[in-house]
Every structure is written in structure tokens, then in C-alpha cells.
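Listed below, chain by chain, are the residues.
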Amino acid sequence: GYPDQALRKSQEALALARELDHPFSLGDVLCYAGCMLKEMRRDAQALKEDAEEMVRLADEMGLRAWLPLGTCFGGAALAMLGQVQEGMAQMREGIAVCQSRDVELYLSGTLCSLAEAQAKAGHPEEGLITLAGALALVEKTDERHWEAELYRLRAELLLAQGDDAEADASLEKAIQVAQRQQAKSWELRATVSLARLWQEQGRIDEARQVLAEIYGWFSEGFDTPDLQEGKALLEELS
């Protein structure tokens, strides 16, 4: 919920890990403070660079655990940058390696990125199948970091199929999850999607009210895509 502070801590952690010259620690930091944060911030170029460093490090030092994760993150970055087919292929490659090793760490997040890419490729029905698998994995592993975003993306794909009612319910679920987790950034992203849906339905006052409330919570990070989108939509609704 504090985008600028999180980025500063990430940069400090990466600098310290490089200074220590301890490959496993650097791989760990590149995964969580590097790739995961950059993906959340939707900073595709920075994500690509951190993922490439992670794969290179894993290759050079024989860190088998980090290689498929770095491959998945790299695929997500490519899809975000518009190289959708190449990105999906790379994510599937990483997912296959994880599944062959019974590694489920972060897999729901990768499936979320794959579903988003499938939607970009014009296949929302495939994306919904991928998301169903990701949500089942969340229940199995209790790894809930991406849970709110999975429900938000599910709603976006349902909207692409014209199912407004189910999409609305899925967005409400995304917001509930984010609020329970006190995950303000996820709550903002889901609320932007809900406000956009309500705007299309003519529910302008309701849309403005829910979006203004969560947007007003933030005191930093105004250069991030999520907050920029929130501001632009608020202006449209005013």
C-alpha cells in the first residue's frame, strides 16, 4: 500500500545483496524484492531486467530453484511489453518445470500473468480456465498474495464475454479479499475496475464515491500506472 517506500526498500535490499556477494541471497532478493515488486508495479522493463539477471545468476551458480521462476517472470515481462506469444511460451516453459518438480511457490502469480496474456491474445475463455486453476491452487496452498488480483482479472475476462453480473460479483470479491488483507494497492486496482464497470452502467455517483475513497487513502506512488489510472477515471467521473 506504500508504493514509493516499497520501491526504496527493494533498491536497498538489492544493493545489499550484491554487496554481500552471496548468490542465494541475491536470487532470493531478485525474486521477491525485484521481480515480484516490479510486476506488481507493472514496470515491465524493470521486471524484464531483474528476471534476466535472475536467470543468469541461476544458470551461472547452479541455483535450480530460481531458474524456472526467473523464466516465468521474464515471460510475464515480455507479455506486458507486447510480445504476447513469446511471453506465453516462456511462462509455460517455466510452469512446466515447476510442475515437474512439484514446486508450487508463486505458481498462482504466474498463472495470473499467463491468464492476462491469454486475454491480450484474444482468448478470454482460456484465461478463465487458467484462473480457475490458479484459484484452486490458492485454496490448496493458502498462498494468497495474488488472490485479489486473480478475482479482479477473472472479472475482466467475464466482462469480455458479456457477463456483467458475474463480473460485478467477482470484483466485489476481489475488493473484500484486498480489504481483509489490508492490501491497499490490490484494493485500488479492483476498485478502478469496478468503477469503470459502474460507469458503463450509468452508476456514476456510486462509481465516483467508491473510487474517491480508496484513491484518497494514498499519499505517494502517484507516478505508478494504478494511481494514474485511478486519477484519470476520477476526473472522468467528476
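Quick note: structure is the one above.
Here we summarise the structure given alongside this text. It should be emphasised that the depicted structure is a prediction, and the values quoted were computed from it without experimental measurement.

1. Some points on the overall build of the protein chain
Working step 1: Across its full length, the protein chain carries 12 helices and 0 strands.
Working step 2: Starting at the N terminus and ending at the C terminus, the protein chain contains elements arranged as α-α-α-α-α-α-α-α-α-α-α-α.
Working step 3: Radius of gyration (C-alpha) of the protein chain: 18 Å, near the 18 Å computed for a compact globule of 238 residues.
Working step 4: With respect to the three principal axes, the spread of C-alpha positions in the protein chain is 55 × 35 × 30 Å.
Working step 5: For the protein chain, buried positions account for 48% of its 238 residues.
Working step 6: Restricting to contacts in the protein chain with at least 6 residues of sequence separation, those with at least 24 account for 58%.
Working step 7: With the model as given, the accessible surface of the protein chain reaches about 11,300 Å², and the carbon-plus-sulfur share is 50%.
Working step 8: Taking the average place of the 24 positive charges on the side chains of the protein chain and the average place of its 42 negative ones, the gap between the two points comes to 2 Å.

2. Some points on helix α10 (residues 184-200)
Working step 1: Taking 1.5 Å per residue as the helical rise, α10 with its 17 residues ought to reach 24 Å, and the 24 Å between its terminal C-alpha atoms agrees with that figure.
Working step 2: Where burial is concerned, most of α10 is hidden: 12 out of the 17 residues are buried.
Working step 3: Once α10 ends, the next one or two residues include Gly202, with phi positive near 85°.

3. Some points on the packing of aromatic side chains
Working step 1: Under the defined criterion, the tally for this structure stands at 6 aromatic pairs.
Working step 2: When the ring of Tyr32 is compared with that of Trp66, the centres are 6.4 Å apart and the planes differ by 85°; the resulting orientation is edge-to-face. Remark: Trp66 occurs in helix α4 (residues 66-80) and Tyr32 occurs in helix α2 (residues 23-40); sequence separation between them is 34 residues.
Working step 3: For Tyr32, a relative accessible area of 33% corresponds to the partly exposed category.
Working step 4: Exposure remark for Trp66: the relative accessible area of 6% places this residue in the buried category.
Working step 5: When the ring of Tyr215 is compared with that of Phe222, the centres are 6.1 Å apart and the planes differ by 55°; the resulting orientation is tilted.
Working step 6: Accessibility expressed as a relative area gives 41% for Phe222, which makes it partly exposed.

4. Considerations on α2
Working step 1: With 18 residues, α2 should reach 26 Å at 1.5 Å per residue; the first-to-last C-alpha distance of 24 Å fits that figure.
Working step 2: Of all the bends in α2, the largest measures some 35° and sits at Leu30.
Working step 3: Buried residues of α2: Leu26, Gly27, Val29, Leu30, Cys31, Ala33, Gly34, Cys35, Met36, Leu37, Lys38 and Glu39, and no others.
Working step 4: Residue Arg42 follows α2 closely and has a positive phi angle near 60°.

5. Describing the packing of α10 against helix α12 (residues 225-237)
Working step 1: Contact pair α10 / α12: the axes reach a minimum separation of 10 Å and the direction vectors enclose 25°. Taken together, α10 and α12 sit at an angle that is classed as roughly parallel. In this structure, the crossing between α10 and α12 has a hand that is left-handed. On α12, the residues touching Leu188, Arg189, Val192, Ala195, Arg196 and Gln199 of α10 are Asp226, Leu227, Glu229, Gly230, Leu233, Glu236 and Leu237.
Working step 2: Partitioning the contact of α10 with α12 into residue classes produces 6 nonpolar, 2 polar and 5 charged.

6. Section: the nonpolar core
Working step 1: Counting 71 residues, the largest nonpolar core has Met54, Trp66, Phe73, Leu150, Leu188 and Leu211 as the members making the most contacts within it.
Working step 2: In terms of residue count, the dominant contributor to this core is α10 (8 residues).
Working step 3: Ignoring sequence-local partners within four residues, the contact set of Leu188 consists of Leu211, Ile214, Tyr215, Phe218, Asp226 and Leu227.

7. Some details on the pattern of salt bridges
Working step 1: Enumeration over the complete set of coordinates arrives at 19 salt bridges.
Working step 2: Glu149 is the partner of Arg189 in a salt bridge, and the nearest nitrogen-oxygen pair spans 3.2 Å. In this pair, Arg189 sits in helix α10 while Glu149 sits in helix α8 (residues 147-160), placing the two residues 40 residues apart along the sequence.
Working step 3: Taking relative accessible area as the criterion, Arg189 reaches 10% and is therefore assigned buried.
Working step 4: In this structure, a network of salt bridges that share partners links the residues Arg42, Glu149, Arg152, Glu156, Arg189, Arg196, Asp226 and Glu229.

Definitions and cut-offs
Residues numbered from 1 in each chain as written. Predicted model: local features only at pLDDT ≥ 70, side-chain atom pairs only at ≥ 80, totals over all residues. Heavy atoms only, no water. Helix = DSSP H or I, 4+ residues; strand = E, 2+ residues; numbered from the N terminus. Rg over C-alpha atoms; globule rule 2.2 N^0.38 Å. Buried < 20%, exposed > 50% of the residue type's maximum accessible area, 1.4 Å probe, protein only. Contact = heavy atoms within 4.5 Å. Areas by Shrake-Rupley, 256 points an atom, 1.4 Å probe, with all protein chains shown as cover. Lys, Arg positive; Asp, Glu negative; His and termini not counted. Charge placed at Lys NZ, Arg CZ, Asp CG, Glu CD. Expected span 1.5 Å × (residues − 1). Phe/Tyr/Trp six-rings, centres within 6.5 Å; stacked < 30°, edge-to-face > 60°. Bend = angle between axes of the 7 residues up to and from the residue. Axes fitted to C-alpha atoms, helices over the stretch in contact; angles between N-to-C directions. Parallel < 35°, antiparallel > 145°, perpendicular 65-115°, else oblique. Left-handed = near helix turned anticlockwise from the far one by under 90°. Nonpolar A, V, L, I, M, F, W, Y, C, P; charged D, E, K, R; others polar. Core = buried A, V, L, I, M, F, W, Y, C linked by side-chain atoms within 4.5 Å. Salt bridge = Lys/Arg side-chain N within 4 Å of Asp/Glu carboxyl O.

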